[in-house]
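Close look at the chain arrangement
Each chain, letter by letter, is given below.
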Amino acid sequence: MTALAPATPYACAGGCDPLAPDDPAEAAAAARAWWRIGAGTVLAANAMTLSLAINVSEAGPAARLWVHLGLLAMTLAALALLGGPLAREAWAAARARRLTIEALFLAGLGGALAASLIDMATGVGAVYFETVIILLVVYALGRQAGQSSRRRALRALTSRADAPAECTVLENGAARALPVGLVRPGMVVRVEPGRPVPVDGIIEQGRAFIQESHWTGEFFAAARGPGDRLHAGSHVLDALLLVRATAPGDARRIDRLARAIERARARPSSLQTEADRLVRWFLPIVLLVAGATMFGWTWAAGWHVGLFNAMAVLLIACPCAMGFATPVAVWAAVARLAEQGLVARGGDLVEKLATIDTVVFDKTGTLTQPRATLADLVLAPEVDPESLRRLVAAVERASDHPLAAAFTDLATDVADVRLLELRPLPGIGIEALAALEAESTPARLCIGSEALLDPHPDRWQPLLARLAPLPGARRILIELDGRPAAAAQLEERTLELAGVVMSRLAGDGLRVLVMTGDAAERAGRLGVEFHAGLTPEAKQRLVDEMTAAGRRVLFVGDGINDAAAMTAAHGSVAVAGAAPLAAECADAVLVEGSGLDSLPDALAIGRRAVRTIRTNLRLAAGYNATGMALAAAGLLHPVAAALLMTLSSLVVTWRSLQMLEDEPTPGDAPHEPVHAAP
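Residues numbered from 1 in each chain as written. Predicted model: local features only at pLDDT ≥ 70, side-chain atom pairs only at ≥ 80, totals over all residues. Heavy atoms only, no water.

Examining the overall build of the chain
Where we set the bar: Each helix is a run of DSSP H or I of at least 4 residues and each strand a run of E of at least 2, with the numbering of both proceeding from the N terminus. For every residue, the accessible area (1.4 Å probe, protein chains only) is compared with the maximum for its type, and the residue is labelled buried under 20%, exposed over 50%, or partly exposed between those bounds. Contact definition: two residues touch when any of their heavy atoms are within 4.5 Å.
Of the regular secondary structure elements, the chain holds 20 helices and 22 strands. Expressed as a percentage of the 678 residues in the chain, the buried residues total 50%. Counting contacts in the chain only where the partners sit at least 6 residues apart, residues at least 24 apart contribute 70% of the total.

What follows is the structure in structure tokens.
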């Protein structure tokens, strides 16, 4: 066996922070983008002031020309600052023969710019350069916010936040740090206690408790030894292990899972798809009406009038009202969700929540408490109960083992207990030498699993027979000076709110079920439909099957084993304390201190927000259709068109904010879900 060498420090040993700052180049690019948006906003504010002043004043031709030239300079500066991404996206869509929202923005920009240039050249009428700048700022702001969210998610995925980026490889008796991506099958990797496992492999040396709940759904840490298989992202709790890699460092199970998630992230959102669908019919109508107006008025009154009215059509068709109809309501809803303790990754979550008809919960860590609880404790007749309780409580308070917390409340006064020795028993438990008082004789205490603590289980039968029958509970044995002293049972406890929340969701007409990698006997205690013993891939397949059957699934989970199912689901929520990969894959995260009782209210907020959005879109479409008809008829002056455009934007904004001010009503139209757009 390869000898152990001194540990070599390496970066990200405990897992990389998914919210760490970007790399310098990425941070600089983001800073430049936000600087451009800020500069564009300043230009828009100044342009609005100057444009309003010159449009309503009786300034002479020379003064008007100089102001118009200043406004034109501001517009050109805004185009240079913010117009590049809009032009590139529109060109890419045109090359792909697609009509997108960028084309609609360009039509509005072109109309406002052309009308302004004509009025400036002729010295007659108003100018609308500020509209061009405002549209550029609106587009750039929405684009940058979306890119920031996507960068954060993809950064977490590519950093593999649930496994270290480097590891210690043993070769010829020496240890060296190596990026995980360069590990090849057969290499031996050293994993220190308290560290995550960096590779998929088989234990070659050592025995330890492994926390695998994020992979398997098993609540209790599992004892693993030579020959047992481990997956990257599991955590070694109490001993050093040597693990022989069985897969390349860039083809681990967590890598395959992350790549599948990245592919799913690349799919366009439903809101973007719906917006593109709207543009596909709206933009041709706008261009057709503008062209017909140009032709008709040119024939009737000359090209100047025809061009003037055609530009008025394009100006009134500017997508501000339609552009505001969705984002204002969405972000108002996102703010309300945040008040409920649910932080959304993006606005697309709102529309997803509105259409949910099935809610799937992970069990371990999602519906259960994070720490085990002491369900039963029996003591040998010859043992002093108070003394043993104090010894056990003192020893376990000095341990960081995840099961130790269940025993810390056995006694309140342990100040005079002296711990002379404390050492882990890898894969078994803990051993200590302790004394109750300064002068008392120390006692040797061993606390651990029944399978490994004693080679003669018959010695423990009198104690084990007195334990209450609790299917799925973990048995713990306590030995005092080499003799059986007590036997305990630990179990996971369901969160108090879990049953209430699931009943409330079911009462709202939603299908509620649980998917877990844990045993069926523990899943069955929840009293709802469940699927147990599932791998991460099996969870994803079940979600895919429900989706294919027309179900709109909301997946609520916390583990690595939930990430693929979260991505496959229509919507997903990660609970507080979730594994980093699961949290970054989720559409929303419950913040620390928020409970599952936020979910029914979140669904109600989503339904109300989407109804508001669709009403706003109908109002905006009606406004645009009416305004275009008036402009085409020559009855709408461009100044009035600009005012109406602003007024319609204010109306949809007010409606979005006003309708979302009230508290969400539990079960808001649960039996009439808002259907997704076809």
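Observations regarding the environment of L178
Its place among the elements puts L178 in strand 2 (residues 174-179). Remark: the alpha-carbon pair of L178 and A165, spanning 13 residues in sequence, is separated by 8.9 Å. Non-local contacts of L178, meaning those with residues more than four positions away in its chain, are made with E166, C167, V169, V183 and M187.

Description of the sheet that holds strand 2
Where we set the bar: Pairing between two strands requires that DSSP report at least two bridges joining them.
The strand order across the open sheet formed by six strands is 2-1-3-9-4-7, and the pairing between neighbours is antiparallel. For this open sheet the edge positions go to strand 2 and strand 7 (229-230), each flanked by a neighbour on one side alone. Summarising the sheet, strand 3 (residues 188-191) and strand 9 (residues 241-245) pair through four bridges and their orientation is antiparallel. Within strand 9, the residue paired with V189 across the bridge is V243.

Here's the deal with the pairing of strand 14 (residues 429-435)
Most of strand 14 sits out of view: seven of its seven residues are buried. Strand direction decides the pairing type here: strand 13 (residues 418-425) and strand 14, joined by seven bridges, are antiparallel. If you follow L419 over to strand 14, its bridge partner there is A434. The antiparallel hairpin formed by strand 13 and strand 14 contains three residues in its connecting segment, where G427 sits at a positive phi of about 70°. With six bridges connecting them, strand 14 and strand 15 (residues 443-449) associate as antiparallel partners. Paired with I430 across the two strands is I447, which belongs to strand 15.

Thoughts on the sheet that holds strand 5 (residues 208-211)
Pairing within the open sheet is antiparallel, and its three strands lie in the order 6-5-8. This sheet does not close on itself; its edge strands, each paired only once, are strand 6 (222-224) and strand 8 (235-236). The sheet contact formed by strand 5 and strand 6 spans three bridges and is antiparallel. When the sheet's bridge partners are listed, I210 is paired in strand 6 with A222.

Concerning the pattern of salt bridges
It is possible for side chains bearing opposite charge to pair when their charged atoms get close. Just so we agree on the cut-off: Whenever Lys or Arg places a side-chain nitrogen within 4 Å of a carboxyl oxygen from Asp or Glu, that contact is recorded as a salt bridge.
Applying the stated criterion across every chain yields a total of 12 salt bridges. Among the salt bridges present, the one from R176 reaches E171, with a minimum N-O distance of 2.8 Å. Residue E171 is classed as partly exposed on the basis of its relative accessible area, which comes to 29%. Residues participating in the shared-partner salt-bridge network are E421, R423, E431 and R444.

Observations regarding the nonpolar core
Under the convention used in this document: The set of buried Ala, Val, Leu, Ile, Met, Phe, Trp, Tyr and Cys residues whose side-chain atoms join them within 4.5 Å is what this entry labels a nonpolar core.
Residues I133 and L136 are the most contacted members of the largest nonpolar core, which totals 39 residues. When contributions to this core are tallied by element, the ones reaching two or more residues are helix 1 (24-56), helix 2 (61-95), helix 3 (101-122), helix 4 (129-159), helix 7 (270-301), helix 8 (303-316) and helix 19 (598-632). In contact with I133, not counting residues within four places along its chain, are G40, L43, A44, A47, M74, T75 and A78. If you look at the next biggest cluster of nonpolar residues, it comprises 38 residues, including V383, V414, W460 and L463.

Considerations on helix 19
Stated formally: One less than the number of residues in a helix, times 1.5 Å, gives the span that helix is expected to have.
End to end, helix 19 covers 50 Å across 35 residues, agreeing with the expected 51 Å (1.5 Å per residue, within 8%). Looking one or two residues beyond helix 19, the residue adopting positive phi is G634, at roughly 80°.

Examining helix 10 (residues 348-355)
The element helix 10 is largely enclosed, with a buried count of eight among its eight residues. Among the residues of helix 10, D348, L349, V350, E351, K352, L353, A354 and T355 are the ones counted as buried.

Things to note about the packing of helix 16 (residues 536-548) against helix 17 (residues 560-568)
Condition: Structural elements are reduced to axes, namely lines fitted to C-alpha atoms, with helices fitted over the stretch in contact, and the angle between N-to-C directions of any two is expressed from 0 to 180 degrees. Roughly parallel here means an angle under 35 degrees, roughly antiparallel means over 145, roughly perpendicular means 65 to 115, and every remaining angle is called oblique. Handedness of a crossing is defined here by the sense of rotation of the near helix relative to the far one, left-handed for an anticlockwise turn of less than a right angle and right-handed for a clockwise turn. Each residue gets one of three labels, nonpolar for Ala, Val, Leu, Ile, Met, Phe, Trp, Tyr, Cys and Pro, charged for Asp, Glu, Lys and Arg, and polar for the others, Gly among them.
For the pair helix 16 and helix 17, the least separation of the axes is 7 Å and the interaxial angle reads 15°. By the criterion of interaxial angle, the relationship of helix 16 to helix 17 is roughly parallel. Between helix 16 and helix 17 lies a crossing whose hand is right-handed. Here P536, K539, Q540, V543, D544 and T547 of helix 16 lie close against helix 17, whose contacting residues are N561, D562, A564, A565 and A568. Classifying every residue of the contact of helix 16 with helix 17 by side-chain character gives five nonpolar, three polar and three charged.

Thoughts on the packing of helix 14 (residues 496-507) against helix 19
The relative placement of two packed helices comes down to the angle between their axes together with the axis-to-axis distance. Relative to each other, helix 14 and helix 19 sit at 30°, their axes nearing to 9 Å. Viewed along their axes, helix 14 and helix 19 adopt a mutual orientation that is roughly parallel. When helix 14 is examined against helix 19, the residues V501, R504 and L505 are found in contact with a partner set consisting of P600, D601 and L603. When the residues that make up the contact of helix 14 with helix 19 are grouped by side-chain class, the tally is four nonpolar, no polar and two charged.

A short note on the confidence of the model for the chain
Convention followed: The quantity called pLDDT is the predictor's confidence in a given residue, expressed from 0 to 100.
When pLDDT is averaged along the chain, the result is 75, and 75% of the positions lie at 70 or above. Across residues 669-678, where pLDDT falls below 50, the model places 25 contacts with residues more than four positions away in sequence or in other chains.

Quick notes on the pairing of strand 3
Side-chain positions along a regular strand alternate between the two faces of the sheet. Alternating positions in strand 3 separate into two faces, V188 and R190 on one and V189 and V191 on the other, with burial throughout. Where strand 1 (residues 166-171) meets strand 3, three bridges bridge the pair, whose relative direction is antiparallel. Bridged to L170 within strand 3 is V188.

Some points on unusual backbone geometry
In this structure, D481 is a non-glycine residue whose phi angle is positive, near 50°. Note on placement: D481 falls in the loop between strand 16 (474-480) and strand 17 (483-491). Of the residues examined, D481 reaches a relative accessible area of 42% and is grouped as partly exposed.

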